[in-house]
Amino acid sequence: MTIDDVRSRFIEHFDGTTGSVYASPGRINLIGEHTDYNDGFVFPGAVQQGMIAELKVNGTRNVRAYSIDLKDYVEFSLDDEKGPNASWARYIYGVCREMMALGVPVEGFNTAFAGDVPLGAGMSSSAALESVYAFALNDMFGDNKIDKMTLAKVGQATEHKYLGVNCGIMDQFASVHGKAGNLMRLDCRSGEFEYFPFNPQGYKLVLVNSCVKHELVGSPYNERRLSCERVAAAINKLHPEVKSLRDADWAMLYEVKDTVSEEDAKRAKYVIGEKERVLKVCDALEKGDYETVGEMMYATHEGLSKDYEVSCVELDYLNDLAKEAGVTGSRIMGGGFGGCTINLVSEELYDSFVNDVKTKFREKFGKDPIIIDVVIGDGSRKLC
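Residues numbered from 1 in each chain as written. Predicted model: local features only at pLDDT ≥ 70, side-chain atom pairs only at ≥ 80, totals over all residues. Heavy atoms only, no water.

J.: Can you help me understand the overall build of the protein chain in this one?
T.: If you tally the helices and strands in the protein chain, you get eleven helices and 13 strands. In terms of overall dimensions, the protein chain is globule-like: its C-alpha atoms have a radius of gyration of 21 Å, near the 21 Å expected for 384 residues. Over its C-alpha atoms, taken along the principal directions, the protein chain stretches across nearly 60 × 55 × 40 Å. Of all 384 residues assigned to the protein chain, the portion counted as buried reaches 57%. Side-chain charges of the protein chain comprise 43 positive and 59 negative groups, with the mean position of each set lying 2 Å from the other. (Helix = DSSP H or I, 4+ residues; strand = E, 2+ residues; numbered from the N terminus. Rg over C-alpha atoms; globule rule 2.2 N^0.38 Å. Buried < 20%, exposed > 50% of the residue type's maximum accessible area, 1.4 Å probe, protein only. Lys, Arg positive; Asp, Glu negative; His and termini not counted. Charge placed at Lys NZ, Arg CZ, Asp CG, Glu CD.)

Right, dumping it as structure tokens:
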């Protein structure tokens, strides 16, 4: 996807003039899944795929937005308390409203956008959409006075208030703060983060998109967050210093296992284990120990599948194929219930692994998985 792809549609759908063009990326997460809303650590990186949006002030109080990918047009007033019905437009509306609440004097604008983040792949296309507009509005109307972490929180608040998804901060953080060639360890409680150069000699990071997205009744994402909060509250009664599962350990979980449901205890077991795995991966990366990184990835998949129960048949099969092929590490990436596995593959195994996955997955499920080679890219930025 290029600037020209977006610009040509912007010119076509509005008044024939051009505006300013911005980009924000999707993300991968090496390890640290479902830990962000438990105040834990995550280890994401921005990718080259993302969202590109063109914007131009239109002299009104209305936003006129065109989704190139969906071929859909929506117009809404910045002063409308309810906002548009279309979910994609609610992301833009929510960002506008949150930026206005921060004192940014947002005016009406025309915009067209498109993305090449695979939808439903767990690469956070929604965060890329929120981030590109938060960054653009800050540049166009806010003199870039809003800091990057606050821009990430604008995206998070948009999910919470306007889409009903109680997500953590990781996706938006990674989209805004990304840096080519670097992963980031983020402390989701303090907001402190550190860049880790990531150029694993002899290995490739590969996503295998199952092209499956299971729609489940209710909101399984929110349900798991509530499970974690219930266990943390039970532990807090015995240990007031424990504010979230970030503060909990195995002994504390054992103390409350008879006062919480078996399901909630399983969710907490995964989160406490994942907290430890993220820190082990950080140590391993500093030593260039990719075997340990891989072991932790497989352990994370096991926990996400058996204890957190966010896997599915297709993802477990992809994980099994990786093990059989001798891949160094593999796990579900993203919220689960479909999407991708992320795989740390030695270069000598890459071709045989990819061929094996394509053949066997097609034979078993009658569809082709999509192979996505990961290149770690930059975060939100102005293109022109």
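Still more ground to cover, so stick around.
J.: In this structure, what is going on with unusual backbone geometry? I would like to understand it.
T.: Excluding glycine, a negative phi dihedral is what most residues carry, and trans is how most peptide bonds are arranged. Backbone geometry at Ser 124 places phi at a positive 65°, although glycine is not the residue there. Exposure remark for Ser 124: the relative accessible area of 10% places this residue in the buried category. Despite not being glycine, Asp 143 shows a phi value in the positive range, around 55°. With respect to the helices and strands, Asp 143 occurs in the loop between α3 (125-141) and α4 (148-163). Given the relative accessible area of 59%, Asp 143 is considered exposed.

J.: Teacher, can you tell me more about helix α9 (residues 290-306) here?
T.: Turn by turn, an α-helix covers 3.6 residues, leaving residues three or four places apart pointing in a common direction. In this model, α9 (17 residues) spans 24 Å end to end at C-alpha, consistent with the 24 Å of a helix rising 1.5 Å per residue. Those residues of α9 that are buried lie in contact with β9 (203-213), α8 (262-287), α10 (313-325), β10 (329-333) and β11 (338-346). Where α9 begins, one side-chain oxygen reaches toward the backbone nitrogen of Glu 291, 3.4 Å away; that side chain belongs to Asp 289. (Expected span 1.5 Å × (residues − 1). Contact = heavy atoms within 4.5 Å. Polar contact = N/O pair within 3.5 Å; in protein donor to acceptor, adjacent residues only side chain to side chain.)

J.: Before we go on, may I ask you to explain the sheet that holds β10 in this structure?
T.: Across a sheet, paired strands are connected by hydrogen bonds in the backbone, their directions being either parallel or antiparallel. Ordered by their spatial adjacency, four strands build an open sheet running β10-β11-β9-β12, and the pairing between neighbours is antiparallel. Whereas interior strands pair on both sides, the edge strands pair on one side only; in this sheet they are β10 and β12 (370-373). The average undirected angle you get between the axes of adjacent strands in this sheet is 25°. Looking at chain direction, β9 and β12 are connected through four bridges and run antiparallel. Within β12, the position partnered with Val 208 by the bridge is Ile 371. (Pairing = 2+ DSSP bridges. Axes fitted to C-alpha atoms, helices over the stretch in contact; angles between N-to-C directions.)

J.: Looking at this model, I keep getting lost on the pairing of strand β3 (residues 44-57). Mind explaining?
T.: Within a regular strand, the side chains alternate between the two sheet faces. Burial analysis of β3 places eleven of its 14 residues in the buried class, the great majority of the element. Judged from the nine bridges that link them, strand β1 (residues 20-29) and β3 form a sheet pairing that is antiparallel. Directly across from Pro 25, in β3, lies its bridge partner Gly 50.

J.: Just to check I follow, could you spell out the environment of Lys 360 for this structure?
T.: Inspection of the secondary structure puts Lys 360 in helix α11 (residues 347-365). Assessed through its relative accessible area of 29%, Lys 360 is described here as partly exposed. Once the C-alpha coordinates of Lys 360 and Tyr 317 are considered, the two residues, 43 residues apart in sequence, prove to be 9.6 Å apart. Setting aside residues up to four positions removed in sequence, Lys 360 forms contacts with Tyr 317, Leu 321 and Glu 324.

J.: Before we go on, may I ask you to explain the packing of α8 against α9 in this structure?
T.: To characterise two packed helices, one gives the angle between the axes of the helices and the distance between these axes. Across the interface, α8 lies against α9 with an axial gap of 9 Å and an inter-helix angle of 170°. With respect to α9, the axis of α8 lies roughly antiparallel. Where α8 crosses over α9, the handedness of that crossing is left-handed. Touching Lys 266, Tyr 270, Glu 274, Arg 277, Lys 280, Val 281, Ala 284 and Leu 285 of α8 are Tyr 290, Thr 292, Val 293, Met 296, Ala 299, Thr 300, Gly 303, Leu 304 and Lys 306, all from α9. For the contact of α8 with α9, the residue count by class is nine nonpolar, three polar and five charged. (Parallel < 35°, antiparallel > 145°, perpendicular 65-115°, else oblique. Left-handed = near helix turned anticlockwise from the far one by under 90°. Nonpolar A, V, L, I, M, F, W, Y, C, P; charged D, E, K, R; others polar.)

J.: I tried to follow the pairing of strand β6 (residues 109-115) on my own but got confused; where do I start?
T.: Where burial is concerned, most of β6 is hidden: six out of the seven residues are buried. As defined by bridge partners, β3 adjoins β6 across seven bridges and the pair is classed as antiparallel. When the bridges of β6 are listed, Ala 53 appears paired with Phe 113.

J.: When you look at the layout of surface pockets in this model, what are you seeing that I'm missing?
T.: Rolled over the atoms, a probe as big as a water molecule pinpoints where empty space is left. Each pocket or cavity is described by its volume, and for the second largest pocket that value is around 300 Å³. Of all the secondary structure elements, the ones that give two or more residues to the lining of the second largest pocket are α4 and α6 (220-238). Sorting elements by how many residues they give to the lining of the second largest pocket places α6 first, with four residues. (1 Å grid on protein atoms, 1.4 Å probe; cavity = no way out; pocket = protein on both sides within 12 Å on 5 of 7 lines; lining within 4 Å. Points joined across faces, edges and corners; volume = space filled by probe spheres on them.)

J.: I tried to follow the pattern of salt bridges on my own but got confused; where do I start?
T.: Close approach of charged atoms allows side chains of opposite charge to pair. Enumeration over the complete set of coordinates arrives at 22 salt bridges. A salt bridge links Asp 79 to Arg 61, with the nearest nitrogen and oxygen atoms 3.0 Å apart. Residue Asp 79 is found in the loop between β5 (72-77) and α2 (87-101), and its partner Arg 61 is found in the loop between β3 and β4 (62-67); the two are separated by 18 residues along the sequence. Asp 79 sits in the partly exposed class, given a relative accessible area of 42%. (Salt bridge = Lys/Arg side-chain N within 4 Å of Asp/Glu carboxyl O.)

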